[in-house]
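# Remarks on the overall topology
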Amino acid sequence: MKQLHTPTLLVDSLSRRAIYALLSNGEVRTWTVSQLASSLPSVSAEAIRTTIYLLIGEQFVAPVPRTRNLTVQATDEGTRALREILATWNTPPSHT
């Protein structure tokens, strides 16, 4: 995975876990903020919106052209990166 411009995306949180899992689940799907919020009722729309803009900046999701509301789709690189991030969060820290 490339070095991120926004290291905040690597900070583990329940909302990021939920958003990343949904966006990287393998389904080719476009999402609006309201659709994500409906699918993730435990995550605030503000957290979703903020995360989406950060993900756009990293090119992990791409805006879908010619849509009225902000609509995004995970890029191939983004899907891989989000899965890698989730995997690191699910790996227990080593005790050395």
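Residues numbered from 1 in each chain as written. Predicted model: local features only at pLDDT ≥ 70, side-chain atom pairs only at ≥ 80, totals over all residues. Heavy atoms only, no water.

## A closer look at the layout of surface pockets
Considering only enclosed or pocket space, the largest pocket measures out at about 180 Å³ in volume. Forming the boundary of the largest pocket are 13 residues, of which Gly26, Glu27, Val28, Ala74 and Thr79 lie nearest the centre. Going through the elements one at a time, helix H1 (14-23), strand S3 (71-74) and helix H4 (76-89) are the ones with two or more residues in the lining of the largest pocket. For the lining of the largest pocket, the leading source of residues is H4, giving three residues. (1 Å grid on protein atoms, 1.4 Å probe; cavity = no way out; pocket = protein on both sides within 12 Å on 5 of 7 lines; lining within 4 Å. Points joined across faces, edges and corners; volume = space filled by probe spheres on them. Helix = DSSP H or I, 4+ residues; strand = E, 2+ residues; numbered from the N terminus.)

## Quick word on the pattern of salt bridges
In the structure shown here, the tally under the stated rule is two salt bridges. Among the ionic pairs, Asp12 bridges to Arg17, the shortest N-O distance being 2.7 Å. Of the residues examined, Asp12 reaches a relative accessible area of 37% and is grouped as partly exposed. Among the residues examined, Arg17 registers a relative accessible area of 24% and is labelled partly exposed. Close ionic contact of Glu46 with Arg49 constitutes a salt bridge, the shortest N to O distance being 3.3 Å. With a gap of three residues between them, Glu46 and Arg49 both fall in helix H3 (residues 45-57), about one helical turn apart. Since its relative accessible area comes to 34%, Arg49 is described here as partly exposed. (Salt bridge = Lys/Arg side-chain N within 4 Å of Asp/Glu carboxyl O. Buried < 20%, exposed > 50% of the residue type's maximum accessible area, 1.4 Å probe, protein only.)

## Some thoughts on the sheet that holds S3
Spatially, the three strands line up as an open sheet ordered S1-S3-S2, and their pairing is antiparallel. Two strands close off the open sheet at either side, each with one partner strand: strand S1 (31-32) and strand S2 (61-63). Relative to S3, S1 is paired through two bridges, and the arrangement is antiparallel. Among the inter-strand pairings, Thr32 is bridged to a residue of S3, identified as Thr71. Against the sheet, H3 makes contact with S2 and S3, and its axis sits at roughly 95 degrees relative to S2, the strand it touches most. (Pairing = 2+ DSSP bridges. Contact = heavy atoms within 4.5 Å. Axes fitted to C-alpha atoms, helices over the stretch in contact; angles between N-to-C directions.)

## Digging into H1
Among the residues of H1, those classed as buried are Arg16, Ile19, Tyr20, Leu22 and Leu23. Looking down the long axis of H1, one finds its buried residues gathered within 165 degrees of arc, a one-sided arrangement. (Arc of directions from axis to C-beta.)

Nothing here speaks to function; it is geometry throughout.
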